[in-house]
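Architecture and fold: a report
Chain by chain, the residues run as shown.
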Amino acid sequence: MSRPTWLEIDTAALQHNLKRVRTYAPHSAVLAMIKANAYGHGLKETAEALNDAEALGVACLQEALQLRAAGIKQTIVLMEGFFTADELLAIGENDLDVVIHHPRQLEILANQPPTKPIAIWLKIDTGMHRLGFLPQEVDQVWQHLITLPWLKGKPKLLSHFSDPDRLEKSSTLAQFKCFNDCNKNFSDQRSLANSAAIIAWPETHFEWVRPGIMLYGVSPFADREGADFGLEPVMTLHSQLMAVKQLQKGETIGYGGTWACPENMPVGVVAIGYGDGYPRHAVNGTPVLVNDHKVPLVGRVSMDMLTVDLRTQPNAKIGDSVILWGKGLPVEKIARNADTIGYDLLCKITNRVTRKKR
Ligand SMILES: Cc1ncc(COP(=O)(O)O)c(C=O)c1O
């Protein structure tokens, strides 16, 4: 028998969530963000399930090549463009779209013009201050790009919001206005909205939306859950009880002895830990599902195990099912208990956790 710790990926939920995106943004094409191994869900499987999306967004060439090698034919956009000149050949050969965000990339393109047509997305920094040309540079860069003989089609324009999940902040509208102001005369293919903006800022949808976290069934808003927006969780993290112990009042559990039993009680040991990607900083009381019943995490999470209070489940036994997040237990809840965000937890599941497609 092998270690009973596994990840269930529900591809029907992915397809359902893509439909939810289309309900929120009925007039926009979808550039589905599947970077970082599709937020931990598996690049190839996710791309296959999202074959209805008009394009797929990855961070780098390596991810795009994995998709092409798996036979994925959709448009693939390198969201960070290329890093070095030697990537250009593979970009052309594999028909990948690139984001151009920095003068350094223009220099590389001038010194080593691509030999095959390449489609470009021109990124504007409207206030995130991470990647992109400044609004006042866009005109000049655009005029330069459209003269390039290898350019495939007209460039598309994109920008990225810094706080679309904070509805009280005016920066989203300022970024929207800035994007509008600089693209007026150029492209009719524009993209600004990620998940939070798809849900909360319909005026920002333009021709292309870029959903990430909502495709995986998770809320982009810290105080809400995916179900609030009709989304279904795609990833469910499963394990089992590998030991059940009766401890005495006052006995402590795990490293540092940070939790002491308030009475004589049963404690369950679950076969999962931070070596699998469960957050080490999850606090006492973080919910865990044992046989579909919520019980609290107690004691420190260790590398391969964690411990739960079984007082409300006195009949629980070795081999009983445990869910750490996913169906029946939103990952957003665990994230709040571990002082992080759902994105972070989804991306961090390690390779030793077996993956099963549903
Ligand atoms: C440029 C860009 N667009 C879209 C997204 C998707 O964002 P979200 O997962 O919040 O929908 C990301 C994610 O980080 C991104 O970097």
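Residues numbered from 1 in each chain as written. Predicted model: local features only at pLDDT ≥ 70, side-chain atom pairs only at ≥ 80, totals over all residues. Heavy atoms only, no water.

Description of the packing of aromatic side chains
Basically, it comes down to this: Ring pairs are drawn from Phe, Tyr and Trp, using the six-membered ring of Trp, whenever the two centres fall within 6.5 Å, and their geometry is named by plane angle: stacked under 30 degrees, edge-to-face over 60, tilted for the rest. Labels follow the DSSP assignment, with helices taken as runs of H or I lasting at least four residues and strands as runs of E lasting at least two, numbered in each case from the N terminus. In this scheme, a residue with accessible area under 20% of its type's maximum is buried, one over 50% is exposed, and one in between is partly exposed, where area comes from a 1.4 Å probe on protein chains only.
Applying the stated criterion to the full structure yields seven aromatic pairs. Aromatic pair Tyr-39 and Tyr-216: ring centres 4.8 Å apart, planes at 25 degrees, arrangement stacked. Taken together, the residues span a long stretch of sequence, with Tyr-39 in helix H2 (residues 35-40) and Tyr-216 in the loop between strand S9 (208-209) and strand S10 (235-247) at a distance of 177 residues. Taken individually, Tyr-39 and Tyr-216 each receive the classification buried, so the pair is uniform in this respect. Measuring from ring centre to ring centre gives 5.5 Å for Phe-221 and Phe-229, while their planes differ by 50 degrees; the resulting arrangement is tilted.

What to know about the pairing of strand S3 (residues 55-58)
Definition in use: Here a strand pair is declared whenever DSSP counts at least two bridges between the two strands.
Residues Ala-55 and Gly-57 line one face of S3 and the alternating positions Leu-56 and Val-58 line the opposite face, and both faces are buried. In the sheet, strand S2 (residues 29-33) pairs with S3 via three bridges, with the strands oriented parallel. In the strand pairing of S3, Ala-32 is matched with Leu-56. The pairing of S3 with strand S4 (residues 75-78) spans four bridges and is parallel. Of the residues in S4, the one forming a bridge with Ala-55 is Thr-75.

Things to note about the environment of Ile-108
For the record, the criterion: Note on definitions: a residue-residue contact is assigned when non-hydrogen atoms from the two residues lie within 4.5 Å.
If you trace the backbone, Ile-108 turns up in helix H6 (residues 103-111). On the basis of relative accessible area, Ile-108 is assigned to the buried category, the value being 7%. As a C-alpha pair, Ile-108 and Glu-87 span 21 residues in sequence and 11 Å in three-dimensional space. Among all residues touching Ile-108, those that are not within four sequence positions of it are Phe-82, Phe-83, Thr-84, Ala-85 and Leu-88.

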